[in-house]
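Topology and contacts: notes
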Amino acid sequence: MSVFDGLRFRRGSSPIHQLDPRAKFFYVIVMFVVAVLFNELLPLVVLFLIQIPFVFVARVQREWIRSLRGAAFLAIIIFGFNFLFTYLSGQYELSYVLERSFAMSLRFIVLVESFSVFFLTTSPDHLGLALEQSHVPYEFCFAFTTAVRFVPVLAEEAQTIMDAQKTRGLELERGNFIKRIRNYIPILIPLIVNAIRRSLELAEAMESRAWGATEKRTNLYVLKLKKSDYVLALLSILLLVLAVYIRLFLPVPQLGVVLRI
Amino acid sequence: MIEVKGVSFTYPNGVEALREVSLTIHDGEFVAIMGQNGAGKTTLVKQFNGLLKPTRGEIFVDGVNTRKVSVATLARKVGFVFQNPDHQLFCETVEDEVAFALRNFGFEESTIKKRVAWALNLLDLTEYRETSPFMLSGGERKRVALASVLAWNPKVVVLDEPTIGQDHKQKEKLRQFIVQLIAQRKTVIIVTHDVEFVAECNSHVVLMAQGKIVAKGSAKQMLTNSALVTQASIVSPQITQIFLELADLGMPIDLINIHEAREALLNFLEVDS
Amino acid sequence: MTVIEAKGLTYTYPGGTRRALEDVSITIEKGEFVILTGPSGCGKTTLCRCLNGLVPNFYGGKLEGEILVTGLKVSEHQIYELARHVGLVFQNPENQLFALFVEKDVAFGLENLGVPRDEIRKRVDWALQMTNIENLRERAPHELSGGQQQRVAIACVLAMQPDVMVLDEPTSFLDPLGAQQIFDVISRLNKELGITVVMVEHRLDLASRYSNHVVVMDKGKVVLDGEPKDVFSSEAARLIGVGIPKATRLSQVLEMSGVRLGRVPVTSEEASQVLKEVLSRD
C-alpha cells in the first residue's frame, strides 16, 4: 500500500501546490520522455537529482520517501532481471552490466518520483477542473471527482460490513483458497447492493440540482496559467530539447569512466 | 456481565475515541448509552464483542478478557445488531439470512431449523421465510437483521441506533420487544441519541462526551439533570422541559414520560381540591 | 397565493404492485411551513418526488391527476426547469454531496444552470451565510459531521433560490443538537426569506413548533390536513400511529381523566402555560 500512500494528495500551500495541474502534467510527460531516451546511468542520476528540490519546496519529503520505499522492491526486481539477461548474454563486461542494470531501476524510480510529486501536490478537484478545461467531456470529469470523493466513504462502509459479518461468526481467514474467496461473498453482496442504492440516491440529488440543464455549463473556479506555470513549461521544454540534442549528437560516457577521471 | 476497566482506545488514524473509560454492566441490565455523534458510544460497544481491542486497559465479558479470544467466540455471548440492516443482508431468503450465523457457529442442522423458526416467529417474520430480504421494507429488513442475531440466543444484545428512521409505531414495537428480552434475563445495551425513546423505556443511562463517561444512573436521574444533559450534548425529554417551568407551583421536576406526568398532575390537583 | 396544488394524484412505481399514491389532493399556500408525516411506506417520499418532477420523469411510470408547483404543471416541465423553483433535500446527507469542497458543491446547481461566475460566487457566499457554514467552505464533505453535511445540502439547494424547499426527513440521521440546528436554519429561511417549506418528519416533538400546517398520510392517501393542534388532537392521528408531540399527548391524557384544559398545546412552552393556568386556577 505504501506506493499508493506516496501518491495520495496532501493539502498544502507550497509554490508547487499552486502550480497549474496542466503545467505539472506537462513536466511529468517530459520527465517520462527524457527518462526513456536514455539507457545510461549518468543522465538518469541527473534526472533523479534535479527533481529533489521540487520535493523539498513542496514539503512532501516524508510521503515521497515512502513512495520510493514502496517502489524499491520493484526496482530491485528490475535490476535483477536486467543484470541476469545482459550478463548471461556474455557480450558485456561486468562493470557495464552493473551500470546498465542500475540505470534501468533508476529509470523506474525517476518515473515514480515525478508521478509522486504530481499526485502529492495536485488536488483531485483541480485535476478534475484541468480535465474539464482541456475539453474532456464533463460527465467524465464529474465521474472522476465523485469517485475520489467516495473512496473514503466506501472504505468505511466496507469496514462496517466486515464488522457486521464477523459479528455473525464469519471468519475470513478460514479454509482453503477457494473457501477463502467464498468467504468474501457476504461482504461483497452488501457492498454492491449499497453502492447501487447510493448511486440511485446520488442520481436523484443530481437531477434535483439541475443536472443537464444546459450545454454551456459555467464553473465557480477557473484555472488560469500563471507566470510560474509558463516558467515550468519552458524549463521542461528546454530540458527536452537539451536531452534530444545530447542523445543525437553527444556520446554519453559511462558513469564509472567519468568518476575514474 | 461486562466490566470495562480503564479502557482507552485510539484509532490507527490517531483519533482518541475513548479515554480511561470504566463501566460495569450487570447481568439482565438494560442500558442506553447516550451522547452526541462522535462521543465514543459506538467505539465503546464495539469493544464488547472484540471488534475493537482496547489500546490500554481491559474488558471482561462474562469473566473472559476480550484480548484473549476471537470475535467469533465473543459474538456467541454478545450479539450486535448494526444500525443499517443493509450492511449485513446478503442471502437469497430470509430463512438463510437468519441461519447464516448459526451455520458459522457450527450448530447442527436440526437445531438450526428450530432456532430459525423460533427467531422468525419472535419477530413476526414467519410469513416472509422464503422471501428475499431485499424485497422487504426498511422496517422489515431491520427486523430480519435483529432475528439473525437473536437466533443464536446471545446473553447480551447490543443495538446500535435502533430507532433511526423508524416511525412511531415501529419504535413502540421495538420497545415492547426489548421489554420481552429483559424478561428473558438478557442484558440489553442500546446506543442511541433518541431521548424520547429512552424516557419511554426508562432504562439505565450512560452519558458519554468526548470519549469519556460523564455519568451513569437511572433515566430519571440522568435526563432531568440539566447540567449532565448539557455536558453530553443531548436535550431533555419534552415532558421534563414542560415541568421545569412548573417548578414554582410546587410540581416535581424529575418527570420524563407521559405516564409519570399524568400521575403527578392528578395527584397535585386532587390534593389541591 | 397558492404555491402547490395537487389534485387526485395517483401513482404506482414501475414494477410495483401497490399504489404509492392514491387520489392525493393538497393545497399549500406561499410561506407555509408544512409538516408531512405518517407511518413508513405511507407515500410521503413519493409525494415529495412529485413536487419537482422526479416522479414521474426520473422514476418512470404514469402519474395520474394534476400537480401545479409555483404555477408550473409538473408533468410539462423537465426536472432541471423545476429545480429553480423547488429544492429537494434528502434524508441521507452523505449521498447528496458530490464535490471535494463544500463551496464547489454549493455551486453545483448554479453551474449546471450556466449562471455567470460572478453571480455564482455571490449566491454561494449568500447561501453559506444563510445556513451559517461560512467557516466550512473549504472543507471536504467526509470531514464534516452529519449535521454539518445536512446544512451544506440545504445551502446547495438554497443557492438556486427556490420558492419552495422540500426536505425528506432531513434530521433522521442526526443527534438532537444537530437536528435542532437544522430546524433553526429551515425556520430562518421560512421566516426571513418567505420560502415555503414542506418537511417530512417523524420527530414531531421537535419540529411541530415551527409548523403551521400538518398533513398526515397513510397507505398512499392523505388522511388529515390542517392546523397542527387540530391534526394532533384528532383521534385518527393517534390510531394511525403518528408520533404526536408529548405536549399534545399529555393534554389528551389529562382531558380523558377529566381535567379541562381549554386549549390544545403543541409545544412544551404552550403546555407549561396551559398547565400553569390549570394549576393556579383553584
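Reading the values: the criteria
Residues numbered from 1 in each chain as written. Chains lettered and ligands numbered in written order. Predicted model: local features only at pLDDT ≥ 70, side-chain atom pairs only at ≥ 80, totals over all residues. Heavy atoms only, no water. Helix = DSSP H or I, 4+ residues; strand = E, 2+ residues; numbered from the N terminus. Expected span 1.5 Å × (residues − 1). Buried < 20%, exposed > 50% of the residue type's maximum accessible area, 1.4 Å probe, protein only. Arc of directions from axis to C-beta. Pairing = 2+ DSSP bridges. Phe/Tyr/Trp six-rings, centres within 6.5 Å; stacked < 30°, edge-to-face > 60°. Contact = heavy atoms within 4.5 Å. Buried area = accessible area lost by both parts, 1.4 Å probe. Salt bridge = Lys/Arg side-chain N within 4 Å of Asp/Glu carboxyl O. Core = buried A, V, L, I, M, F, W, Y, C linked by side-chain atoms within 4.5 Å. 1 Å grid on protein atoms, 1.4 Å probe; cavity = no way out; pocket = protein on both sides within 12 Å on 5 of 7 lines; lining within 4 Å. Points joined across faces, edges and corners; volume = space filled by probe spheres on them. Nonpolar A, V, L, I, M, F, W, Y, C, P; charged D, E, K, R; others polar. Domains from an automatic or database assignment. Polar contact = N/O pair within 3.5 Å; in protein donor to acceptor, adjacent residues only side chain to side chain. Axes fitted to C-alpha atoms, helices over the stretch in contact; angles between N-to-C directions. Patch = residues over 30% accessible without salt bridge, like charges linked within 9 Å, V, L, I, M, F, W, Y side chains within 5 Å. Areas by Shrake-Rupley, 256 points an atom, 1.4 Å probe, with all protein chains shown as cover. Lys, Arg positive; Asp, Glu negative; His and termini not counted. Charge placed at Lys NZ, Arg CZ, Asp CG, Glu CD.

Another aspect to go through is helix H4 (residues 109-122) of chain B. Residue and element names in this part refer to chain B. With 14 residues, H4 should cover 20 Å at 1.5 Å per step; its first-to-last C-alpha distance of 20 Å lies within 8% of that length. Within H4, burial applies to Ile-112, Val-116, Ala-119, Leu-120 and Leu-122. Taken down its axis, H4 places every buried residue within 155 degrees of arc, on the same side. In H4, the exposed residues that point more than 90 degrees away from the buried face are Lys-113, Lys-114 and Asn-121. The first or second residue beyond H4 is Asp-124, which carries a positive phi of 65 degrees.

Moving on, we come to the pairing of strand E1 (residues 2-11) of chain C. The side chains of a regular strand alternate between the sheet's two faces. Residues and elements named next belong to chain C. Pairing between E1 and strand E2 (residues 21-29): 6 bridges, direction antiparallel. Bridged to Thr-2 within E2 is Glu-29. The pairing of E1 with strand E4 (residues 63-69) spans 6 bridges and is classified as antiparallel. Across the sheet, the residue bridging to Thr-10 is Glu-64, located in E4.

If you walk through the whole model with that rule in mind, you get 27 aromatic pairs over all chains. Arranged with centres 5.5 Å apart and planes meeting at 65 degrees, the rings of Phe142(A) and Phe98(C) form a pair that is edge-to-face. Residue Phe142(A) is located in helix H8 (residues 138-167), and its partner Phe98(C) is located in the loop between strand E6 (86-89) and helix H4 (102-113); the two belong to separate chains. In this structure Phe98(C) comes out as buried when scored by relative accessible area, which is 2%. Each residue in the set Tyr138(A), Phe142(A), Trp211(A), Phe98(C) and Phe108(C) is aromatic and connected to the rest through ring pairs, giving one cluster.

Chain C puts 42 residues into the contact, and the matching count from chain A is 36 residues. Both faces considered, chain C and chain A share a buried interface measuring about 3,600 Å² in area, 58% of it formed by carbon and sulfur atoms. The interface formed by chain C and chain A contains 4 salt bridges. The residue Glu204(A) makes a salt bridge to Arg49(C) at a minimum N-O spacing of 2.8 Å. Going through the elements one at a time, helix H2 (54-58), helix H3 (79-82), H4 and helix H5 (117-130) of chain C are the ones with two or more residues in the side of chain C that touches chain A. Considering every element that reaches the side of chain C that touches chain A, the biggest residue donor is H4(C), with 10 residues.

Here we come to the pattern of salt bridges. Residue and element names in this part refer to chain C. This model, assessed by the stated rule, comprises 43 salt bridges over all chains. For Arg-123, the salt bridge goes to Glu-119, with nearest N and O atoms at 3.1 Å. Within this pair, Arg-123 and its partner Glu-119 are both found in helix H5, separated by 4 residues, close to a single helical turn. The buried category is assigned to Arg-123, whose relative accessible area is 15%. Exposure remark for Glu-119: the relative accessible area of 29% places this residue in the partly exposed category. With a closest N to O distance of 2.9 Å, Glu-277 and Arg-263 form a salt bridge.

Here the focus is the nonpolar core. All names here are of chain C. One finds Val-106 and Ile-154 to be the most contacted residues of the largest nonpolar core, which totals 60 residues. If you tally residues by element for this core, the top one is helix H6 (residues 146-158), at 7 residues. For Ile-154, the contacting residues outside a window of four places in its chain are Val-89, Thr-131, Met-165, Leu-167, Ile-182, Val-185, Ile-186 and Leu-189.

Here the second largest pocket defines a volume of roughly 1,100 Å³. Looking at the lining of the second largest pocket, the elements that each hand over two or more residues are helix H6 (168-183), helix H7 (195-201) and helix H10 (238-244) of chain B together with helix H7 (176-193), helix H8 (204-207), helix H10 (235-240) and helix H11 (246-256) of chain C. By residue class, the composition of the lining of the second largest pocket is 13 nonpolar, 16 polar and 16 charged. No fewer than three residues from each of domain 1 (2-244) and domain 2 (245-282) of chain C sit in the lining of the second largest pocket.

Attention now moves to the interface of chain B and chain A. Taken residue by residue, the interface counts 23 residues in chain B and 19 residues in chain A. Summed over both partners, the interface of chain B with chain A buries about 1,800 Å², with 59% contributed by carbon and sulfur atoms. The three residues of chain B that bury the most area against chain A are His87(B), Phe90(B) and Asn104(B), which together make up 31% of that side's buried surface. Note that Arg197(A) is salt-bridged to Asp86(B), the shortest N-O span being 2.2 Å. Our enumeration of links across chain B and chain A arrives at 7 residue pairs in polar contact (both at pLDDT 80 or more). Among the secondary structure elements, those contributing two or more residues to the side of chain B that touches chain A are helix H2 (71-77), helix H3 (94-104) and helix H5 (138-150) of chain B. With 4 residues, the top contributor of residues to the side of chain B that touches chain A is H3(B). For the side of chain B that touches chain A, the residue count by class is 13 nonpolar, 6 polar and 4 charged.

Here we take up the sheet that holds strand E1 (residues 2-10) of chain B. Residues and elements named next belong to chain B. Taken in spatial order, the 4 strands make up an open sheet running E2-E1-E4-E5, and their pairing is antiparallel. In this open sheet, the two edge strands, each paired with only one partner strand, are strand E2 (16-25) and strand E5 (64-65). The pairing of strand E4 (residues 56-61) with E5 spans 2 bridges and is antiparallel. When the sheet's bridge partners are listed, Val-61 is paired in E5 with Val-64. In the packing of helix H1 (residues 41-48) onto the sheet, contacts are made with E1, E2 and E4, and the angle to E2 comes to roughly 55 degrees.

Turning to a positive patch on the surface, a few remarks are in order. A cluster of basic residues, Lys169(B), Lys173(B), Lys219(C) and Lys221(C), forms a positive patch at the surface. Residue position: Lys173(B) is located in helix H6.

Turning next to H6(B). All names here are of chain B. Spanning 16 residues, H6 covers 23 Å between terminal C-alpha atoms, matching the ideal 22 Å at 1.5 Å per step. In this structure, the buried residues of H6 make contact with strand E3 (30-34), H4, H5, strand E7 (156-160), strand E8 (187-191) and H7. Capping the start of H6 is the job of one residue whose side-chain oxygen sits 3.2 Å from the backbone nitrogen of Lys-169: Asp-167. After H6 finishes, the residue Arg-185 shows a positive phi value of roughly 65 degrees.

This next bit is on the pairing of E1(B). Residues and elements named next belong to chain B. Bridging between E1 and E2 involves 6 bridges; their strand directions are antiparallel. Residue pairing across strands places Phe-9 opposite Leu-18, the latter belonging to E2. With antiparallel pairing between neighbouring strands as the criterion, E1 and E2 make up a hairpin whose turn holds 5 residues, including Gly-14 at a positive phi of roughly 95 degrees. With 5 bridges joining them, E1 and E4 adopt antiparallel strand pairing. Counted as the bridge partner of Glu-3 is Phe-60 from E4.

So far we have only geometry, and geometry alone does not tell us how the molecule works.
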